[in-house]
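# Overview (structure and organization)
One letter stands for each residue in the lines below.
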Amino acid sequence: MARASSSSIFVHIDKRKLWVSFPFQGFVVAISLLCLCFVPINASASSRQYPQPSHKLRFGRNGEFKILQVADMHYADGITTPCEDVLPSQVQGCSDLNTTAFIHRMIEAEKPDFIVFTGDNIYGFDSKDSAKSMDAAFAPAITARIPWAAVLGNHDQEGTLSREGVMKHIVGLEHTLSQFNPVGVHAIDGFGNYNLQVGGVEGSNFVNKSILNLYFLDSGDYSTVPAIPGYGWIKPSQQLWFQRTSAKLRRAYMSPPMAQKSSAPGLVYFHIPLPEVASFDSSNFTGVKQEGISSASVNSGFFTTLVEAGDVKAVFTGHDHINDFCGQLTGIQLCYAGGFGYHAYGKAGWSRRARVVLASLEKTEGGNWGAVKSIKTWKRLDDQHLTAIDAEVLWSKHSAGTRRRKHTNGGAA
């Protein structure tokens, strides 16, 4: 929750994010922005090569590709780790295992093609063994043999493993498509910057083309620049990698065979929301805003980079657990998932939740599956009926996205 005036900025890091409040003179902001380009880059770590996943993501024969987003599990030590912010009647016996059960329920109900964990997967402070906590946190996806990927939040590295060590452990787990960092990129900030491509339906004319592009970035933990308080941000080296990757994918999509007139849609996943998310109010988003936007205290310009690239249709984050809205700005949907984990702070009586994204293909004149036609989303609550809420179209090939405030008993229509 951030409050700004002409003379100071107060950065509120909520509950399990810690509290900080800094006097911050306006001219310091301008000076500090110059520091963004001089933050150390993990060159040595980035140059190491790790096994790359061999699994190919692809649209199903029904012309759909479904993604389950799980944000802020805050997993620790399993049955001995208590729940946070639940009703008095829920306290007894409530633990990390409730988080595990929720993932199993979501997998059974939605049958996703892919699962994305968007950071604060574990809560390092309360974990006795970070590796074991991660093994347990990701176990439902591994057991179900569903391809999955993860990015880091600001709490994953606060246990027995460094930030680098956490990402190294993740990429070694079964069925993950997570990558330590891009192959061939020897100087990039953070750990867990990578791109995954989703191919067309087997047997279609788009079988060898990426028709949906997924970008994953490390939004950092906390600022490493003394003059800049608060959370981390996406650095220039990461933005350069994104720009080059996006341009390469656009060229491939608009080149033979099956050359297209515009770029394939892209979706971006990271943990800490962009400062632009603060521009929304209840008149222009779908969902709820129940706490301040805990973004970095400076704007590194990544949203502008996304707009300039032209292919990204939606950005998905976590971090602020009791916000779960989507809002469109300059043609890009900025979406929260809402808090998932029971050891994460929340709001008693407000159900933990998950976001589902469904990309659907159009039919060609010959009756075959073609390019992406639309991208829809909805959320499910961890209540008795796994109630689906807030179904909306994020992007459509033939029209602008529309918003619907709607509660349904099933998936989005």
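These notes cover the structure that comes with them. (Residues numbered from 1 in each chain as written. Predicted model: local features only at pLDDT ≥ 70, side-chain atom pairs only at ≥ 80, totals over all residues. Heavy atoms only, no water.)

### Thoughts on the packing of helix α4 (residues 96–110) against helix α5 (residues 130–143)
To keep it simple, the criterion reads: Axis definition: a line fit to C-alpha positions, over the contact stretch in the case of helices; interaxial angles, taken between N-to-C directions, run 0 to 180 degrees. Under the DSSP-based scheme used, a helix requires at least four consecutive residues in state H or I and a strand at least two consecutive residues in state E, with every element numbered from the N terminus. Working definition: roughly parallel below 35 degrees, roughly antiparallel above 145 degrees, roughly perpendicular at 65 to 115 degrees, and oblique for all remaining angles. Should the near helix be turned counterclockwise from the far one by less than a right angle, the crossing is left-handed, whereas a clockwise turn marks it as right-handed. Here a residue-residue contact requires only that any non-hydrogen atoms of the pair lie within 4.5 Å. Lys, Arg, Asp and Glu make up the charged group, whereas Ala, Val, Leu, Ile, Met, Phe, Trp, Tyr, Cys and Pro make up the nonpolar group; the residues left over, Gly among them, are polar.
Between α4 and α5, the least distance of the axes is 9 Å, while the angle of their chain directions is 15°. Of the possible angle classes, the one that applies to α4 and α5 is roughly parallel. Between α4 and α5 lies a crossing of right-handed hand. Along the contact surface, α4 presents Thr100, Ile103, His104 and Ile107, while α5 presents Ala136, Ala137, Pro140 and Ala141. When the residues that make up the contact of α4 with α5 are grouped by side-chain class, the tally is 6 nonpolar, 2 polar and no charged.

### Thoughts on helix α7 (residues 236–253)
The test is simple: One fewer than the residue count of a helix, multiplied by 1.5 Å, yields its expected span. Accessible area is worked out with a 1.4 Å probe on protein chains only. A residue is then buried under 20% of its type maximum, exposed over 50%, and partly exposed in between.
In this model α7 runs 26 Å from its N-terminal to its C-terminal C-alpha over 18 residues, within 8% of the 26 Å that 1.5 Å per residue would give. Within α7, burial applies to Ser237, Gln238, Gln239, Trp241, Phe242, Thr245, Ser246, Ala247, Leu249 and Tyr253. Against β7 (194–199), β8 (210–216), α8 (302–309), β11 (312–317) and β15 (369–381) lie the buried residues of α7.

### Describing the state of the cysteines
Any covalent bond linking the sulfur atoms of two cysteines counts as a disulfide. Here is the rule we go by: Criterion for a disulfide: a pair of cysteine sulfur atoms at a distance within 2.5 Å.
For the structure shown, the criterion picks out 2 disulfides. The side chain of Cys326 participates in a disulfide bridge whose partner is Cys335; the two sulfur atoms lie 2.1 Å from each other. Taking the torsion about the sulfur-sulfur bond, which here is approximately 120°, the covalent link between Cys326 and Cys335 counts as right-handed. Per residue, the accessibility class of Cys326 equals that of Cys335, and both read buried.

### Regarding the environment of Gly287
Structurally, Gly287 is set in the loop between β10 (285–286) and α8. Exposure remark for Gly287: the relative accessible area of 14% places this residue in the buried category.

### Brief notes about the environment of Asn323
Selection criterion: Polar contacts here mean pairs of N or O atoms no more than 3.5 Å apart (in protein, one a potential hydrogen donor and the other a potential acceptor; neighbouring residues in sequence count only if both atoms are side-chain atoms).
Among the structural elements, Asn323 can be located in the loop between β11 and β12 (326–329). Residue class for Asn323 comes out buried when judged on its relative accessible area of 0%. Those residues in contact with Asn323 that lie beyond four places of it in its chain are Val288, Lys289, Gln290, Glu291, Gly292, Ile293, Tyr336 and Gly338. Within the structure, the side chain of Asn323 is placed 3.1 Å from the backbone nitrogen of Glu291, a separation counted as a polar contact.

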